[in-house]
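Analysis of the macromolecular model
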Amino acid sequence: MKIDIHDTSGITRYTEDKPFNLLHVLQKLDQQINAPCGGKGTCGKCRVDIDNVGSVLSCQTVISEQWLEDHGLNEDDVIQVRVPISGKAKISTEGLLPDLDLAPLLNRGVYHHTKADIHDQRSDEQRFEDETGLKIPFYLLNRLHDKIKQQNDIEFFFRRDTGEITYFPESGSARLLGMAVDIGTTTLAAWLYDLEAGNNLSVVSMMNPQRSYGADVISRIEQVDGNIKNLEAMSKQIQNAVSQLGAQLLRESALEDEVISSISISGNTTMMHLLMELNPSDIARSPFIPVSLSARVLRAEELGFIMPGNPLCLLLPSISAYVGADLTAGMMACKLFPTSDKKQLLVDLGTNGEIILSVPGGILSCSTAAGPAFEAANISCGMSGSDGAIDAVNFNDGNFNCSVIGEGKISGVCGSGLVSIIAVLLEQGVIDETGRFTDEPELLPSTLAERLIEDDNGTRFYLDQAGGEVFLNQKDIRELQNAKAAVAAGVAKLLKQAGIEASELDEVLIAGGFGNYLAVADAYAIGLLPEGARDKTRAVGNTSGMGAAACLLNEQLRQDASLAALAVDYYELSADPEFTDLYIEAMMFPE
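First things first, this report covers the structure right here in the doc. (Residues numbered from 1 in each chain as written. Predicted model: local features only at pLDDT ≥ 70, side-chain atom pairs only at ≥ 80, totals over all residues. Heavy atoms only, no water.)

Moving on, we get to the pattern of salt bridges. Opposite charge on two side chains allows them to pair when their charged atoms are near. Within the structure shown, the criterion is met by 23 salt bridges. The shortest N-O distance in the salt bridge between arginine 13 and aspartate 4 comes to 2.3 Å. Among the residues examined, arginine 13 registers a relative accessible area of 47% and is labelled partly exposed. Glutamate 129 is paired through a salt bridge with lysine 135; the nearest N and O atoms lie 3.7 Å apart. Residue class for glutamate 129 comes out buried when judged on its relative accessible area of 15%. (Salt bridge = Lys/Arg side-chain N within 4 Å of Asp/Glu carboxyl O. Buried < 20%, exposed > 50% of the residue type's maximum accessible area, 1.4 Å probe, protein only.)

Here it is in structure tokens:
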């Protein structure tokens, strides 16, 4: 059985003698197919087109002799599979870089070597170490020997903490470059820095290629549990993606002939496990024990990166199974460590709601299973923040107005658009505080009433036009209610634990890609955040990436990150009866 897979890069031929699941093949071939439910057949979003067959769910399609017969095909026919083209995603790469002194882990040095003679028969290695006071690793000894034959003054890069040489640049004009990477569950972002000048040279981003294995970390862990091949495949996807981002950064900076010498990496605990090919299976079940939370310094080849120069990789530490290195990085970006007299709340909104509360004398944290609603992954017409997605709405002068990414035809709704829509529907009485659609549509403005339609599919509110293609249903509203209730209850739990009221907070910081595009007013309109802190709230963008960048540029901050991760008092909410009560209370929307 043969299939030709058509995508933006061309055609890929796949041949198999035995029956095969189409989604599994697309995953194996690293196709950018979206499968939020992880292949369970519940989200309906892994559709592909097959010539002469039509649109099918790839996760439910098993190509076999029987399938060929059912569709009037034979074994000699080549099945033409067309993967849908995804619009370019709108990925948040902006954030706050804290004030810091430029003192990266890597430094530049010069070795002025003297010519060996019969009276000084020290080895190349010994002469180098005697005259520089630095250590040279085994794998660079041949490189040192070659350099000695070529020139008198030899430039090198070295670690300021261990004094170990990491790289001999090709020429003295080579730049000392570093890369910061945020590995998000949905998106990846990377920044290139000149480590001697401290300036940012370029920024790039991409969708996380693992999305074909599920939208959230639990879906991806389920794919790994008991299937070591999926662990290897997902690890390879991230490793290749980071390598590609590095090459893209150099191209966009017109520095293709240079090498990246160090990489600082942050991400949630599961993403860090998958990067390192550590099995995350136990993260998904009580008592939620990860393989490792530690900071690490590894060479690129140890992580499977294919990058010239074999850069040094600085992996930031995680706090717990569900509060990861992304929040450790966020603490550094927002200066939540060491603690001060301020009371600061950091909420990173994504598939998990990760929360940090810094108060005088201590730091508290928790994680809530918000699910993928904030990314709109499990919403009927949900999509990533790419062209065609509604990202905000308003109701003015009797008109329901949609802001659409790319300003073209409406194709669906992204996370910020979902929150904005529900905020407007609450304000206008289309839904009540319980989240139910009104049973009195005749009381609504006509322009809203005509969009609220009840038929065999239940009640739907149409977003593009009355009876159109893009809608919100009751299930979608419940999905958002569950997500916002989880985050709101997590915040309430930490405030109670610290013995303070929301009004006593000095600052509320909303982080994450979704949080960057979320309107603060909408967050409060749906009850996501505690009302007493409304006027002290601001979006701070990608604090995970900015924290990784800060640790790249200042070695002391990187060391502080390890201390910060250990200093956090983590609260596990899954077995906490008080959290359950708070969650139930938070399900209601504000009246």
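Time to look at the sheet that holds strand E8 (residues 106-112). The strand order across the open sheet formed by three strands is E8-E9-E10, and the pairing between neighbours is antiparallel. With partners counted over all chains shown, the strands left at the sheet margins are E8 and strand E10 (165-167), one partner each. On average, each strand axis in the sheet is inclined to that of its neighbour by 50 degrees, with strand direction left out of account. Where strand E9 (residues 153-159) lies against E10, two bridges are found, and the strand directions are antiparallel. Considered in E10, the bridge of phenylalanine 157 is made with tyrosine 167. Helix H3 (residues 124-132) contacts E8, E9 and E10 of the sheet and is inclined by roughly 110 degrees relative to E8. (Pairing = 2+ DSSP bridges. Helix = DSSP H or I, 4+ residues; strand = E, 2+ residues; numbered from the N terminus. Axes fitted to C-alpha atoms, helices over the stretch in contact; angles between N-to-C directions. Contact = heavy atoms within 4.5 Å.)

The subject of this paragraph is helix H11 (residues 474-498). Compared with an ideal rise of 1.5 Å per residue, which puts 25 residues at 36 Å, H11 spans 36 Å between its outermost C-alpha atoms and is within 8% of the ideal. Between the side-chain oxygen at the start of H11 and the backbone nitrogen of lysine 475 there is a gap of 3.1 Å, and the oxygen is on asparagine 473. Backbone geometry just downstream of H11 places glycine 499 in the positive-phi region, at approximately 75 degrees. (Expected span 1.5 Å × (residues − 1). Polar contact = N/O pair within 3.5 Å; in protein donor to acceptor, adjacent residues only side chain to side chain.)

Close contact between H3 and helix H4 (residues 141-150) brings their axes to 10 Å; oriented N to C, the two are set at 85 degrees. The angle between H3 and H4 places the two elements in the roughly perpendicular class. From H3, Asp124, Glu125 and Phe128 reach across to H4, where they touch Leu141, Leu144, His145 and Ile148. When the residues that make up the contact of H3 with H4 are grouped by side-chain class, the tally is four nonpolar, one polar and two charged. (Parallel < 35°, antiparallel > 145°, perpendicular 65-115°, else oblique. Nonpolar A, V, L, I, M, F, W, Y, C, P; charged D, E, K, R; others polar.)

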